[in-house]
Amino acid sequence: MPVIEDIQMVDLKSQYLKIKPEIDDAVLKVISSTRYINGPEVSAFEQELATYLGVKHVVGCANGTDALQIALMALGLEPGDEVIVPSFTYVATAEVIGLLGLTPVMIDVDPLYFHITAELVENAITPRTKAIVPVHLFGQSAPMEEIMQIARSHQLFVVEDNAQSIGSKLTYQDGKTHVSGTIGDVGTTSFFPAKNLGCYGDGGALFTNDDDLAANLRMIANHGQSKRYYHDQLGVNSRLDAMQATILRIKLRHLDGYSASRLAVADAYDAQFAALKHVITPKRDGSSTHVFHQYTLQVPAADREPLISHLKSHGIPAMIYYPVPLYAQKAFAPYWQKGEMLPVTEKLSATVMSLPMHTEMTPALIDHITGAIKSFYHD
Ligand SMILES: *Cc1c(COP(=O)(O)O)cnc(C)c1O
């Protein structure tokens, strides 16, 4: 087996080197422009991303967690209102709900797609339910057609957490295509470096087709300010830097290429793992394209730690997204009936593991990784 040095979950360095002249030039231009906050780079990026997604408004902000918070602040919810979220997700999704004095209602997910379903949402609706935050986890869209139907029939807001699935597309029953993050009332994303569209620091954005909501989101992100030094409501200070925006403008032009590279890696992984009886490969929902933010296997719980050690001995990293159900986290104890468990979330937390997945993977690297997993199973 070839020795491959320094394998990472995400190889940002090699990706940067391919676009270095363009990036360096753009960053230096921003530095000499002295327009570091807002200004032309940020609005140009917002415009370009809006065009790419086919959405009316994009509002940049400081990170994906802020984006979720700003979205929820704009909906006029009251303390104690319930917001439905998956129990199997990154903490940010539910954290902001609690921070705003709202009640996160954590629900189980589908065992193969890792998403909330319309049925699970419907079972959790009470008279206090005001919003749903579906997460397009790991790179494919949650079943938004059905979730939107439930939301509309119960008059609930929908905020899509699209931090992991920018660019994924969902086809409805009628054949029409929708872009994830642009379907609900507001969509949010993160430009954290390791995300599919990552900057070189922190960044985030909100998407909406609603003009009034867009104005409100922009106002909240800027200290609730309607006009300079006139503050209509309490807001936050959450800005996308010009330096990050100029990097994102360049990387956005490569995003479809990046998604294609990730998909090719996933196809290669799938083909190599097809014969392994103990390994469940990530199932693709035929109605959504998959942009493979993560390539997440399910393995028997007892195999997971030994398999991760085996990979480590071959210089291969693997990560567990996510090892603890949200409701089992200490921070969420106030929102949970002690001892209650959601079976699918429990199972996934014990069995998932994500393999290296990025835009710079070579066939030799993929062979090395798949070979190591096959050798663990003596295949
Ligand atoms: C990364 C991520 C966030 C938060 O984004 P930050 O930019 O790190 O604040 C929120 N939700 C999900 C699902 C994420 O993966």
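Only a predicted model underlies this, so the values are computations on that prediction, with no experimental measurement involved.

Parameters and conventions
Residues numbered from 1 in each chain as written. Predicted model: local features only at pLDDT ≥ 70, side-chain atom pairs only at ≥ 80, totals over all residues. Heavy atoms only, no water. Helix = DSSP H or I, 4+ residues; strand = E, 2+ residues; numbered from the N terminus. Rg over C-alpha atoms; globule rule 2.2 N^0.38 Å. Buried < 20%, exposed > 50% of the residue type's maximum accessible area, 1.4 Å probe, protein only. Contact = heavy atoms within 4.5 Å. Areas by Shrake-Rupley, 256 points an atom, 1.4 Å probe, with all protein chains shown as cover. Lys, Arg positive; Asp, Glu negative; His and termini not counted. Charge placed at Lys NZ, Arg CZ, Asp CG, Glu CD. Core = buried A, V, L, I, M, F, W, Y, C linked by side-chain atoms within 4.5 Å. Domains from an automatic or database assignment. Axes fitted to C-alpha atoms, helices over the stretch in contact; angles between N-to-C directions. Parallel < 35°, antiparallel > 145°, perpendicular 65-115°, else oblique. Left-handed = near helix turned anticlockwise from the far one by under 90°. Nonpolar A, V, L, I, M, F, W, Y, C, P; charged D, E, K, R; others polar. Pairing = 2+ DSSP bridges. Buried area = accessible area lost by both parts, 1.4 Å probe. Salt bridge = Lys/Arg side-chain N within 4 Å of Asp/Glu carboxyl O. Polar contact = N/O pair within 3.5 Å; in protein donor to acceptor, adjacent residues only side chain to side chain.

**Structural notes on the overall build of the chain**
Looking only at helices and strands, the chain has eleven helices and 13 strands in total. Computed over the C-alpha atoms, the radius of gyration of the chain is 21 Å, within 12% of the 21 Å expected from 2.2 N^0.38 for a compact globule of 379 residues. C-alpha atoms of the chain, sized along the principal axes, occupy 65 × 55 × 45 Å. Here the chain holds 379 residues, and the buried ones make up 55% of them. Long-range pairs, those at least 24 residues apart, make up 73% of the contacts in the chain with a sequence separation of at least 6. A total of about 16600 Å² of accessible surface is found on the chain, and carbon and sulfur atoms cover 55% of it. Each charge class in the chain can be summarised by its mean position, and for the 29 positive and 41 negative side chains these summaries are 5 Å apart.

**Section: the nonpolar core**
If you look at the biggest cluster of nonpolar residues, it comprises 58 residues, and the most contacted ones within it are Tyr269 and Leu355. If you tally residues by element for this core, the top one is helix α11 (residues 363-376), at six residues. Residue contributions to this core reach at least three from each of two domains, namely domain 1 (14-107 + 114-253) and domain 2 (255-378). Here leucine 355 is in contact with Met9, Tyr269, Phe273, Tyr295, Leu297, Leu311, Ile369 and Ile373, once residues within four sequence places are set aside. Formed by 33 residues, the second largest nonpolar core is a distinct cluster that contains Ala74, Leu102, Met106 and Ala221.

**Some words on the packing of helix α3 (residues 64-73) against helix α7 (residues 211-221)**
α7 packs onto α3 with a crossing angle of 120° between their chain directions and a minimal axis gap of 9 Å. With respect to α7, the element α3 is oriented oblique. Considering only the axes of α3 and α7, their crossing is right-handed. For the pair α3 and α7, the contacting residues are Ile70, Ala71 and Met73 in the first and Leu217, Ile220 and Ala221 in the second. Taken together, the residues that form the contact of α3 with α7 break down as six nonpolar, no polar and no charged.

**A few points about the sheet that holds strand β8 (residues 186-190)**
Taken in spatial order, the seven strands line up as β1-β9-β8-β5-β4-β2-β3 in an open sheet, and their pairing is mixed. Two strands close off the open sheet at either side, each with one partner strand: β1 (57-61) and β3 (103-107). Direction aside, the axes of adjacent strands within the sheet are offset by 25° on average. As defined by bridge partners, β1 adjoins strand β9 (residues 204-208) across five bridges and the pair is classed as antiparallel. The residue of β9 that forms the bridge with histidine 57 is threonine 208. Contacting β1 and β9, helix α2 (residues 39-53) runs over the sheet at an angle of about 130° to β1. The sheet contacts of α7 involve β1, β8 and β9, and relative to β1 the element is tilted by about 10°.

**Looking at the domain arrangement of the chain**
What the domain assignment lists for the chain is domain 1 (14-107 + 114-253) and domain 2 (255-378). The centre of domain 1, based on its C-alpha atoms, is set 25 Å off from the matching centre of domain 2. The partner domain 2 presents 32 residues to the 40 residues of domain 1 that form the contact. Interface area, domain 1 with domain 2, both sides summed: about 3200 Å², of which 60% is carbon and sulfur. The three residues of domain 1 that bury the most area against domain 2 are Met106, Phe138 and Asn196, which together make up 23% of that side's buried surface. Applying the counting rule to domain 1 against domain 2 returns one salt bridge. At the boundary of domain 1 and domain 2, one finds 18 residue pairs in polar contact (both at pLDDT 80 or more). Put simply, the parts of the chain that give the side of domain 1 that touches domain 2 at least two residues each are α1 (12-33), α4 (92-99), β3, β6 (169-171) and α8 (242-273).

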